[in-house]
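One letter stands for each residue in the lines below.
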Amino acid sequence: MLDARFVRENIALLMKAMENRACDVDLSAFPAMEEERLKLLKESEELRNKRNVVSEEIGRLKRQKQDAESLVSEMKGVSDRIKEIDETLKGIDERTGLFLLNIPNMPHESVPVGKDETENIEIRKWGEPRTFDFPALNHWDIAETLGIIDFERGAKIAGARFSVMKGPGARLERALMNFMLHLNTEKGYTEIFPPLLVNRESMTGTGQLPKFEAELFRTVDPEFYLIPTAEVPVTNLHRDEILREDQLPIYYTAYTPCFRREAGSYGKDVRGLIRQHQFNKVEMVKFVKPENSYDELEKLTANAEDILQKLGLPYRVIVLCTGDMGFSSAKTYDIEVWLPGQNKYREISSCSNFEDFQARRANIRFKREGKKGTEFVHTLNGSGLAIGRTLVAILENYQQQDGTIAVPEALRHYMGMDVIK
RNA sequence: GGAGAGGUGGCCGAGCCGGUCGAAGGCAGCCGCCUGCUAAGCGGUUGUGGGGGUAACACCUCACCCAGGGUUCGAAUCCCUGCCUCUCCGCCA
């Protein structure tokens with residue numbers, strides 16, 4: 001969320017930013033709405049002030065057993081008027097609030113302007129895509145042959161976009177989770193295992209709601225939302241808190257299952273493990289001081305890259321252009337891993353700086369030593385990494401002619417085997 | 001699931017037969033005094049958000065005693081709803 005004051009004072013700047021984002025929110029009505037809101041607010045407050053003063057006077061008169069009837073009836077009118085104004089004000093507040101909640105974040109100045117994913121820019125590449133002297137298979141073919149992923153039964157017991165991991169497949173999933181958590185915690189991230197169902201406030205805090213309701217799974221009675229990423233519960237850990245300066249930066253890492261409706265993605269990645277309603281992910285989340293957040297973004301991205309390097313998986317890093325960035329982000333790097341089965345790079349991590357966008361929504365502040373007042377922290381997060389897609393990358397990159405999979409060196413300890421066969 | 005108790009400032013804890021309560025007292029923190037140093041002691045001070053105001057402070061004002069409604073001239077205090085915590089019983093991994 002952006003600051004109401006900022007919006008009304010920088011309307012032109014903002015309209016340009018929204019255009020770059022290919023976002024169609026119409027900001028033109030906002031200044032007039034704000035003017036009206038502030039006018040009513042002032043009137044309401046003045047009346048309240050009057051009521052406070054006179055009510056005190058009434059109390060004094062009554063204690064002295066004097067007549068206060070005329071004042072009482074006058075204040076009755078004042079209270080009615082306040083109620084009336086507040087009613088109107090409440091309507092405007094709701095509209096303003098909803099309006100602000102639906103405006104995406106402002107892109108950072110370093111973000112390339114572009115309309116969609118075709119205008120993202122490659123920043124760097126690591127590793128050479130391996131060449132095979134046999135036809136490289138898709139991970140679903142590899143996995144089904146090895147009997148380590150069962151898509152059919154996944155569909156039977158749950159539905160499309162669900163799958164069952166089995167034997168070494170299940171073990172590989174677990175190995176990756178442990179490997180990533182170990183690596184991240186060694187780098188100073190504190191491990192968190194949060195609730196997987198959260199309330200509406202948490203979803204609003206990180207920006208999923210109110211705009212993206214259709215992408216979330218929800219329980220009915222009582223109402224909870226299933227997390228689409230650990231970003232939600234972990235960032236909301238400090239919702240409505242004021243942190244001390246010396247607590248920052250805070251680094252968290254969390255393994256969680258993630259649940260996504262994938263509404264509107266019909267026909268996309270229908271086969272295999274790439275796009276599932278339920279998948280596992282290890283996430284990294286940071287709370288930092290504003291002046292450090294872009295350095296922290298670079299470090300965060302490097303941490304995610306390190307995992308791929310240790311696994312020996314070729315990848316590239318791209319910076320998303322203004323038109324392709326997520327709603328809450330000010331700047332995002334995507335890391336794409338090489339998939340021989342598809343002969344292309346596919347997203348495996350997304351690292352973003354949200355600046356104070358989420359912090360303002362979730363009311364996460366900090367207090368500087370010796371300074372008055374509070375400031376919003378900056379929040380960041382990145383996958384480190386999406387486990388399902390990492391597993392896909394391993395199957396496809398480490399496949400061997402005989403259909404077996406060489407286990408990457410770094411995982412052997414966790415797998416207790418060198419080859420999946 | 002049944003029966004009770006409760007949610008007050010950074011923490012503990014009064015107030016809760018409505019007005020003098022942004023809220024006693026204690027602790028912690030900060031500033032100063034005292035002191036050879038530390039401790040003790042003394043005095044002062046310390047919340048958040050909005051609006052206005054200032055070059056910046058100061059300052060003025062509104063709101064906030066879990067949340068949302070209601071009663072009232074006036075609510076931390078009374079009423080209703082929700083959420084959360086705790087105790088006992090039952091059930092369960």
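Residues numbered from 1 in each chain as written. Chains lettered and ligands numbered in written order. Predicted model: local features only at pLDDT ≥ 70, side-chain atom pairs only at ≥ 80, totals over all residues. Heavy atoms only, no water.

**Q** Which residues make up the protein's contact with RNA strand B, and what values go with them?
**A** Within the structure, RNA strand B sits among 24 residues, and Glu45, Asn49, Ser79, Arg365 and Thr374 are positioned closest to it. Here, RNA strand B places atoms within 4 Å of the protein, and 73% of those atoms are sugar or phosphate. With respect to RNA strand B, the side chain of arginine 8 contributes an N or O atom lying 3.2 Å from a phosphate oxygen. Between threonine 374 and RNA strand B, the recorded distance is 2.4 Å, taken from a side-chain N or O atom to a phosphate oxygen. Of all the secondary structure elements, the ones that give two or more residues to the surface near RNA strand B are α1 (4–9), α3 (30–63), α4 (69–101) and β14 (364–367). Of all the elements, α3 adds the most residues to the surface near RNA strand B, at 12 residues. Of the residues belonging to the surface near RNA strand B, the class tally is 5 nonpolar, 6 polar and 13 charged. (Near = heavy atom within 4 Å. Polar contact = N/O pair within 3.5 Å; in protein donor to acceptor, adjacent residues only side chain to side chain. Helix = DSSP H or I, 4+ residues; strand = E, 2+ residues; numbered from the N terminus. Nonpolar A, V, L, I, M, F, W, Y, C, P; charged D, E, K, R; others polar.)

**Q** Quick rundown of the sheet that holds strand β15 (residues 375–376)? Include the residues and the values.
**A** Spatially, the 3 strands line up as an open sheet ordered β8-β14-β15, and their pairing is mixed. With partners counted over all chains shown, the strands left at the sheet margins are β8 (241–244) and β15, one partner each. (Pairing = 2+ DSSP bridges.)

**Q** Explain the packing of helix α7 (residues 168–186) against helix α10 (residues 293–311) to me, using residue names and the numbers behind them.
**A** Here α7 crosses α10 at 125°, and the two axes come no closer than 11 Å. Judged on the interaxial angle alone, α10 and α7 are oblique. Judged by the twist between their axes, the crossing of α7 over α10 is right-handed. Contacts between α7 and α10 involve Leu176, Phe179, Met180, Leu183 and Asn184 from the first element and Asp306, Ile307, Lys310 and Leu311 from the second. When the residues that make up the contact of α7 with α10 are grouped by side-chain class, the tally is 6 nonpolar, 1 polar and 2 charged. (Axes fitted to C-alpha atoms, helices over the stretch in contact; angles between N-to-C directions. Parallel < 35°, antiparallel > 145°, perpendicular 65-115°, else oblique. Left-handed = near helix turned anticlockwise from the far one by under 90°. Contact = heavy atoms within 4.5 Å.)

**Q** Which residues make up the domain arrangement of chain A, and what values go with them?
**A** Structurally, chain A comprises domain 1 (4–101) and domain 2 (117–420). Inter-centroid distance (C-alpha atoms) of domain 1 to domain 2 is 43 Å. Residue-level contacts link 4 residues of domain 1 with 9 residues of domain 2. Interface area, domain 1 with domain 2, both sides summed: about 610 Å², of which 50% is carbon and sulfur. Among the residues domain 1 hides against domain 2, the three largest losses belong to Asn20, Arg21 and Leu101. Together they make up 83% of the total. Joining domain 1 to domain 2, the criterion identifies 0 salt bridges. (Domains from an automatic or database assignment. Buried area = accessible area lost by both parts, 1.4 Å probe. Salt bridge = Lys/Arg side-chain N within 4 Å of Asp/Glu carboxyl O.)

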